Amino acid sequence: MLRFSTPKVIAILAAILLGVVVALPNLLSADQRALLRSALPSWVPTQAVTLGLDLQGGSHVLLEVDVNDLIRSQVTQLRDDVRRILRETRASLQGGIQIVNRGVQLRVADAEDRGRLLPRLRELSQPLSSPVLGQTGVRNLDVTDTPDGLIQLTFTPEGVTDRVRRAAEQAIEVIRRRVDALGTTEPNIQRQGADRILVQVPGLQDPQRLKDILGQTAKLEFRMLADNASGDVDQLPSRDAGGQRVPVERRVIVGGEDLTDSQPGFDQRTNEPIVTFRFNLRGAQRFGQATTENVGRPLAIVLDQEVISAPRIQTPITGGSGQISGRFTVEQANNLAILLRAGALPAKLTIVEERTVGPGLGADSIRAGAVASIIGFLLVVAFMIAAYGFFGVIATVALLANIVLIFALLSALGATLTLPGIAGIVLTVGMAVDSNVLIYERIREEGRVGRSAASALDAGFARALTTIIDANLTTLIAGAVLFFLGTGPVKGFAVTLSLGIITTIFTAYTLTRLMVATWFKVARPKRLAI
Amino acid sequence: MWLVRYIPEETGFGFMRGRLFAFPFSALLSILAVALFFAWGMNFGIDFKGGTLVELQARQGQVNVADIRERATALGLGGIEVQEFGGGRDASLRVELQPGGDQAQQGVVGRLRESFERDYEFRRVEVVGPRVSGELVQSGTLGVVLAILSVLVYLWFRFEWQFAVGAVVATLHDLVLTIGFFAITQIEFDMTSIAAILTILGYSLNDTVVVYDRIRETLRKYKRMTIYELIDLAVNQTLSRTILTGVTTFLALIALAIFGSEVIKGFAYAMLFGLVVGTYSSVFIAAPMLIYLGLRTTPSADAVAAPGKTPQAAE
């Protein structure tokens, strides 16, 4: 157990040295690291440990795609498609198109009409493909008909799931554009599960603005205000009318997707905050045509099912640009411009979790964590040296190497250090010396039964190491479970705890053993002072 | 020799006799813990109950808890809880889950800001909706159960099944007592506490495994010894390690409990308790448990002691 070949010694020392080099950037400030990065070749590690939001301050917002809202808009879309097909096939309908749970139903009594209609309706049903399995044979829409003429179109559960997944993906893109427009540094936006999106923005003091721009669908539509409540109209609340509902034609002239740009500004006459916009070619043509045909009638600018303003069309607007006024504050105008530029969300998002830590608290937490770590370290070291003398010093060196290796691994893996993560490191400090204690106690024992110094060391190491593995693996299992089930900060704890166990086993096997072996070779003691 | 001997070199405590006291004692404590859990309940944090938590720091001078309570109550947000910490400059304010699903929680922070922003800095804001908190309860419970099961399987492979069962019984003992600790102290129970519990389990298992390892070794070495003497011997041999490691971990945790930030303190207290319980259970529960599980009861029946595997050569 105490013999090391030269290559092994070199390998052990190289591993520790590598750990030191990788961990070193953590001692520098961010500016120094940036300087280093520009001066050194790219393979030199200059990465420091990423601090979690609880340490550097920032906002963590978990959003969920509102599935009901999504289904509702899907079903509305489906009803419009069915209506269009009915028109095109000239099938005669008995009653209207009813919206039922997750779909629509209609009754077409005439068998010949049904024969024309059904194949067209079936075209609405799309096969679903999965990124893993390819074509799955499952379709997103079930189309059924009964002999008495009842036709039902229902979205399949798989169809809904697929739509939710795609909505979440689209939403991520939109959110990224919106958050980028806030001008914050390094936001982290990722999908969680099928229907959730995690947005983490470091260093944000007041997350209200973030929540404001995340919570809005920002679906913009230009429609016409209807003359009366009959026919194809929606009753929508109007900002001009103080929230009262007004009839708006269901037909959308131009939607937000045809906008190419949008900026906040001020109305030249009234000095009121406004949002200006430009259409793309298609939008400009349609808008031009509609305003030409409807001069004198009021337009309805609808944002998220609310009429935010209803200006009367004075002259045809063919230039492809315009402005929206809606009794905005300056900030509301700014936000709306951002939202329109970024595009609409495919569905409403609900905030299901929010955690914000101010930068002051983060800095305090780091300071408290550092103080606790250093004091814990010193207490443990004092205790170990008192108990084991020179061997205590060896344990201290191993402990230092341990901490350096944890930081090196955290830096190299790009893992995040959280407040509970610091607790994990402090705990590792306490528990890492366990391996030394196990080894030393075993050596003492073997010495007591009358073995020579060499034989006691040898037997002590050999027997203690199997125990160390068994004992640490059980803790590692707990750590792994914590890692896979935990969220955020708790995950950070699992990471440092698990890494600490791995480095503990490593140093016990290599560095501690090497140091004891070297000392033995030099000192050649007859008896062990342990 | 100037080295400090914290523990005498060779001890001969009768741990096995101790079980006659330890088992009823532990049973009593466990029943007490369960009773307290149901009687007092735990102080669940917003992670599991949902709701809003803000940490306020007075912009000037000390926080005024009564004033905060009054102002928050005036907002009519239902149950609130105010607590002072950090030497009087900080306070935490917890608002219960608002009825009406995830959307309903969003208004709370805005209203709190309106009322408090002028006099207090918002150091931390956490809002957990009803669905997320439900899931956290699930994943927390699942985490503890899965951890215990996987350790059971691991120990079953590494040792004989009696060891696995004994370790899990000792672990459950620690788990129950720790829950009792949370019920008595009313320390806020949140996701960090789940981390504390899992670490306690990990530590206790670690300790138990070290003792078991030695029992297994002794089993192979002394085939004629009775199981009582044998376990006593093994526990005594590992005693100094058990205590030394306990102390070093204790020292590190004490530093966390005294100097750590508010969130970490609760964690450190729970861990300190778990450390004591875990160490106790390894010696007084896990080890004697093996007898009741029928690990070799007569000196001759040594077939259980892993045949084919000889003790490792010393050199």
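Each chain carries its own residue numbering, running from 1 in the direction its sequence is written. A letter from A marks each chain and a number from 1 marks each ligand, given out in the order of writing. Residues qualify for local features only when their pLDDT is at least 70, as the model is predicted, and side-chain atom pairs are given and counted only at 80 or more; totals for whole chains, interfaces and linings, by contrast, use all residues. Hydrogens and waters are ignored; side-chain quantities use all the structure's heavy atoms.

(A) Summary view of the overall build of chain B. Runs of E in the DSSP output that reach at least two residues are strands. Runs of H or I that reach at least four are helices, and both are numbered from the N terminus. Scanning chain B from terminus to terminus reveals 10 helices and four strands. In this description the radius of gyration comes from C-alpha coordinates, and the expected globular size is given by 2.2 Å times residues to the power 0.38. In summary, chain B has a C-alpha radius of gyration of 25 Å against a globular reference of 20 Å for 315 residues, an excess of more than 25%. The principal-axis extent of the C-alpha atoms belonging to chain B is close to 80 × 50 × 35 Å. Throughout this description, buried means an accessible area under 20% of the type-specific maximum (1.4 Å probe, protein chains only), exposed means over 50%, and partly exposed covers the range between. Counting the 315 residues in chain B, one finds 57% classified as buried. Each accessible area is a Shrake-Rupley result for a 1.4 Å probe, and residues are judged covered by the shown protein chains and nothing else. Accessible surface, chain B: about 13,500 Å² in total, of which carbon and sulfur atoms supply 63%. Charge counting treats Lys and Arg as positive and Asp and Glu as negative, with His and both chain ends excluded. Charge positions come from single atoms, namely NZ of Lys, CZ of Arg, CG of Asp or CD of Glu. Treating the 26 positive side-chain charges of chain B as one cloud and the 29 negative ones as another, the clouds have centres 6 Å apart.

(B) Examining empty space enclosed by the protein more closely. A 1.4 Å probe that fits but cannot get out identifies a cavity on a 1 Å grid over protein atoms alone, an open set with protein on both sides within 12 Å along at least five of seven lines counts as a pocket, and a residue lines either if it has an atom within 4 Å of a point. Grid points are joined across faces, edges and corners, and a volume is the space filled by probe spheres set on the points. Taken as a whole and assessed by the stated rule, the structure comprises six cavities of 30 Å³ or more. Quantified by volume, the largest cavity comes out at close to 120 Å³. As for the largest cavity, its lining consists of 15 residues, of which Leu438(A), Arg442(A), Val210(B), Arg214(B) and Thr238(B) are closest to the centre. Those elements that provide at least two residues to the lining of the largest cavity are α12 (419–448) and α13 (453–485) of chain A together with α8 (191–221) and α9 (227–259) of chain B. As a working rule, the residues Ala, Val, Leu, Ile, Met, Phe, Trp, Tyr, Cys and Pro are called nonpolar, Asp, Glu, Lys and Arg charged, and the rest polar, with Gly in that last group. Per-class residue counts for the lining of the largest cavity are three nonpolar, four polar and eight charged. When its volume is computed, the second largest cavity comes out at roughly 70 Å³. Thr428(A), Met431(A), Ala432(A), Asp434(A), Asn472(A), Leu497(A), Gly500(A), Ile501(A), Thr504(A) and Asn206(B) together form the lining of the second largest cavity.

(C) View of a nonpolar patch on the surface. All names here are of chain B. Note that patches include only residues with greater than 30% relative accessible area and no salt bridge, and the join distances are 9 Å for like charges and 5 Å for nonpolar side chains (Val, Leu, Ile, Met, Phe, Trp, Tyr). The salt bridge definition used is simple: a Lys or Arg side-chain nitrogen within 4 Å of an Asp or Glu carboxyl oxygen. Nonpolar side chains collect at one region of the surface, where Phe21, Phe25, Leu29 and Leu32 lie side by side and expose about 380 Å² of accessible area between them. Examined against the element boundaries, Phe21 turns out to sit in helix α1 (residues 15–39). Judged by relative accessible area, which is 58%, Phe21 ranks as exposed.

(D) Spatial organisation of the interface of chain A and chain B. Across the boundary between the two partners, chain A contributes 77 residues, which contact 74 residues of chain B. Buried area is calculated as the accessible area (1.4 Å probe) missing from two parts once they are joined, with the contributions of both summed. Contact between chain A and chain B buries roughly 6,600 Å² in total, counting both sides, with carbon and sulfur atoms accounting for 60%. For the pair chain A and chain B, the interface holds 10 salt bridges. Within 3.5 Å is the distance limit for a polar contact, defined as a pair of N or O atoms, with the added protein rule that one can donate a hydrogen and the other accept it, and that residues adjacent in sequence qualify only through two side-chain atoms. Connecting chain A to chain B are 20 residue pairs in polar contact (both at pLDDT 80 or more). When residues of the side of chain A that touches chain B are traced back to their parent elements, those giving at least two are β2 (58–65), β20 (349–357), α10 (359–388), α12, α13 and α14 (488–523) of chain A. Residues that form the side of chain A that touches chain B fall into these classes: 42 nonpolar, 17 polar and 18 charged. With five bridges connecting them, β20(A) and strand β4 (residues 120–128) of chain B associate as antiparallel partners. Pairing of Thr356(A) across the sheet is with Val125(B), part of β4(B). Whether two residues are in contact is decided by their heavy atoms: any pair within 4.5 Å suffices. When DSSP finds at least two bridges between two strands, those strands are taken to pair.

(E) The arrangement of the UniProt feature "domain: Protein export membrane protein SecD/SecF C-terminal" (unreviewed entry) in chain B in detail. When the UniProt feature table is mapped onto this chain numbering, "domain: Protein export membrane protein SecD/SecF C-terminal" (unreviewed entry) sits at residues 113–294 of chain B. Secondary structure over residues 113–294 of chain B splits into 84% helix and 5% strand, and the C-alpha atoms at its two ends are 63 Å apart. UniProt positions are given in the numbering used here, feature names are shortened, and annotations may be inferred rather than shown by experiment.

(F) Highlighting the side chain of Ser30(B). Residues and elements named next belong to chain B. With respect to the helices and strands, the residue Ser30 is situated in helix α1. Given the relative accessible area of 18%, Ser30 is considered buried. A polar atom in the side chain of Ser30 sits 2.8 Å from the backbone oxygen of Ser26. Once you skip the residues sitting within four places of it in the chain, Ser30 turns out to touch His173, Val176 and Leu177.

(G) Layout of helix α7 (residues 208–215) of chain A. Along α7(A), the residues that are buried comprise Leu210(A), Lys211(A), Ile213(A) and Leu214(A). In the core, the buried residues of α7(A) are packed alongside β2, α6 (157–181), β10 (196–202), α9 (330–342) and β20 of chain A together with α5 (106–116) of chain B.

(H) Representation of the domain arrangement of chain B. All names here are of chain B. Taken as a whole, chain B is organised into domain 1 (13–43 + 133–305) and domain 2 (51–128). Taking the mean C-alpha position of each, domain 1 and domain 2 sit 39 Å from one another. For the domain 1 face of the interface with domain 2, the top three residues by lost area are Asn43, Glu188 and Glu262, together amounting to 66%. Counting across the interface, domain 1 meets domain 2 through one salt bridge. Taken together, the connections running from domain 1 to domain 2 amount to two residue pairs in polar contact (both at pLDDT 80 or more). Here the side of domain 1 that touches domain 2 is composed, by residue class, of one nonpolar, two polar and two charged. Domain extents, as shown, originate in an automatic or database domain assignment.

(I) Layout of the sheet that holds strand β4 (residues 103–107) of chain A. Residue and element names in this part refer to chain A. If you walk across this open sheet you meet the four strands as β3-β4-β8-β7, and the pairing is antiparallel. Looking at which strands have only one partner, the edges of the open sheet turn out to be β3 (94–100) and β7 (141–145). Neighbouring strand axes in the sheet, compared pairwise and without regard to direction, differ in orientation by 10° on average. In this analysis an axis means a line fitted to C-alpha atoms, helices contributing only their contacting stretch, and an angle means the value between N-to-C directions, from 0 to 180 degrees.

(J) Inspection of the packing of aromatic side chains at higher detail. A pair of aromatic rings is counted whenever rings of Phe, Tyr or Trp (Trp by its six-membered ring) have centres within 6.5 Å, and the orientation is called stacked for planes under 30 degrees apart, edge-to-face for over 60 and tilted otherwise. The tally for this structure, following the rule as stated, stands at 31 aromatic pairs over all chains. Relative to Phe38(B), the ring of Phe37(B) lies with its centre 5.1 Å away and its plane at 75°, an arrangement referred to as edge-to-face. For Phe37(B), a relative accessible area of 28% gives the class partly exposed. On the accessibility criterion, Phe38(B) (65% relative accessible area) is exposed. Aromatic pair Phe44(B) and Phe189(B): ring centres 5.8 Å apart, planes at 90°, arrangement edge-to-face. One end of the pair, Phe44(B), is in the loop between α1 and α2 (46–49); the other, Phe189(B), is in the loop between α7 (161–185) and α8, with 145 residues separating them in the sequence. Counting every residue linked through ring pairs, the aromatic cluster contains Tyr388(A), Phe390(A), Phe391(A), Tyr440(A), Trp519(A) and Phe520(A). Here the basic side chain of Arg113(B) rests over the ring of Phe122(B), its NZ or CZ set 4.7 Å away from the ring centre. The ring of Phe159(B) carries the charged tip of Arg216(B) above its face, separated from the ring centre by 4.1 Å. Only Lys NZ and Arg CZ are tested; either one counts as a charge over a ring when it is within 6 Å of the ring centre and within 35 degrees of the ring normal.

(K) Examining the sheet that holds β10(A) more closely. The strand order β9(A)-β10(A)-β2(A)-β20(A)-β4(B)-β1(B)-β3(B)-β2(B) describes an open sheet built from eight strands, whose pairing is antiparallel. Looking at which strands have only one partner, the edges of the open sheet turn out to be β9 (188–192) of chain A together with β2 (80–85) of chain B. Adjacent strand axes in the sheet meet at a mean angle of 20° when their direction is disregarded. Sheet topology places β2(B) next to strand β3 (residues 90–95) of chain B; six bridges connect them, and they run antiparallel. Bridge pairing in β3(B) places Phe85(B) opposite Asp90(B). Helix-sheet contacts for helix α6 (residues 130–158) of chain B involve β2, β10 and β20 of chain A together with β4 of chain B, and the interaxial angle to β20(A) is about 70°.

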